[in-house]
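Observations on the three-dimensional arrangement
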Amino acid sequence: MAILVTRPAPDNDKTASALRARGHEVLLSPMLRFEPVAFEDDGEIVFDAVILSSANAVRAIENHSIRARLTLLPVFAVGEHTAQVARDAGFTNITVADGDAVSLRERITESAVAGKLKKKAALCYVAGADLTRDLAGELGARGFTVVTRTSYRMVPVAGFSEPVSSAFRAGAVGAVMHYSRRSARAYVEAARADGVEISALALPQCCMSEAVAGVLREAGATQVVAARVPDEKNLLDVVDRLVKASSP
């Protein structure tokens, strides 16, 4: 039985390798597609630090003129994976949050309180087009100046590929991994469009967070478990537990 990974490329390859190392078969079905968004950077604002909302935020500015001046600044990354992609892109002074916007906000605030960052610092928030939380507004209320640069969007993939649809119909999928609310919604919509909704929602659903899990529960899934901490290791542990529990 294969684990269906809905995570977008290219990060789904990393997940697939980790699953195979744990002895699982893998089927890839990215439910969102990365698209860079063009934006202007006039260079007039002098930023004190950078906020990176995801690894895709780093990839989106890889060939942008803004990258040269941002890599010199302190960076607040949402989680360790984003931090590693940022390191690979040339960022060096990185503070890592716990994988969500709340902890990211708190890391920034704590740095200002500790004197590592100006209390009214100007922050460049490199973000996606669809934000689930008004992080810029929350930081603005705490005295920071936040300039949001929308650098990419994640576009839902319409429907499953034929191999994935066939795997559902053949009962060859053992569990599904979900990384975001938007990708979970795209999964449900694809299942409905392909006529495999009942089997797709009957499977164990392994979710990065309770917020993601809520999307699957609302759609009718009953075997839904969220990672204790929103990171890949904990999500992989959820997969191991659910697959073991569902094995005859």
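Below or above, wherever it landed, is the structure these notes cover. (Residues numbered from 1 in each chain as written. Predicted model: local features only at pLDDT ≥ 70, side-chain atom pairs only at ≥ 80, totals over all residues. Heavy atoms only, no water.)

Topic: the pattern of salt bridges
Evaluation of the coordinates by the stated rule reveals 20 salt bridges. Two residues, Lys 14 and Glu 232, come together in a salt bridge whose shortest N-O distance is 3.3 Å. In this pair, Lys 14 sits in helix H1 (residues 11-21) while Glu 232 sits in helix H11 (residues 232-246), placing the two residues 218 residues apart along the sequence. Judged by its relative accessible area of 12%, Glu 232 falls in the buried class. Of the charged contacts, one joins Arg 22 and Asp 237 as a salt bridge, the two residues approaching to 3.0 Å between their closest N and O atoms. Linking Arg 22 in the loop between H1 and strand S2 (25-28) with Asp 237 in helix H11, this pair joins segments that are 215 residues apart in sequence. Note on Arg 22: relative accessible area 32%, which makes it partly exposed. A network of salt bridges, in which partner residues are shared, links Arg 105, Glu 106, Arg 133, Glu 138 and Arg 142. (Salt bridge = Lys/Arg side-chain N within 4 Å of Asp/Glu carboxyl O. Helix = DSSP H or I, 4+ residues; strand = E, 2+ residues; numbered from the N terminus. Buried < 20%, exposed > 50% of the residue type's maximum accessible area, 1.4 Å probe, protein only.)

Let's talk about the side chain of Ser 111
Positionally, Ser 111 belongs in helix H5 (residues 101-113). Contacts of Ser 111, omitting those with residues within four sequence positions, involve Phe 76, Lys 116 and Leu 117. (Contact = heavy atoms within 4.5 Å.)

Some remarks on the packing of H1 against H11
Relative orientation of the contacting elements H1 and H11 amounts to 50 degrees, with a least axis distance of 11 Å. Judged by the angle between their axes, H1 and H11 are oblique. Here the hand of the crossing between H1 and H11 comes out right-handed. Side by side, H1 and H11 meet where Lys 14, Thr 15, Ala 18 and Leu 19 of the first sit next to Glu 232, Leu 236 and Val 239 of the second. Classifying every residue of the contact of H1 with H11 gives four nonpolar, one polar and two charged. (Axes fitted to C-alpha atoms, helices over the stretch in contact; angles between N-to-C directions. Parallel < 35°, antiparallel > 145°, perpendicular 65-115°, else oblique. Left-handed = near helix turned anticlockwise from the far one by under 90°. Nonpolar A, V, L, I, M, F, W, Y, C, P; charged D, E, K, R; others polar.)

So, unusual backbone geometry
Between Ala 9 and the following residue, Pro 10, the backbone shows a cis peptide bond with an omega angle of 5 degrees. On the secondary structure map, Pro 10 appears in the loop between strand S1 (2-5) and H1.

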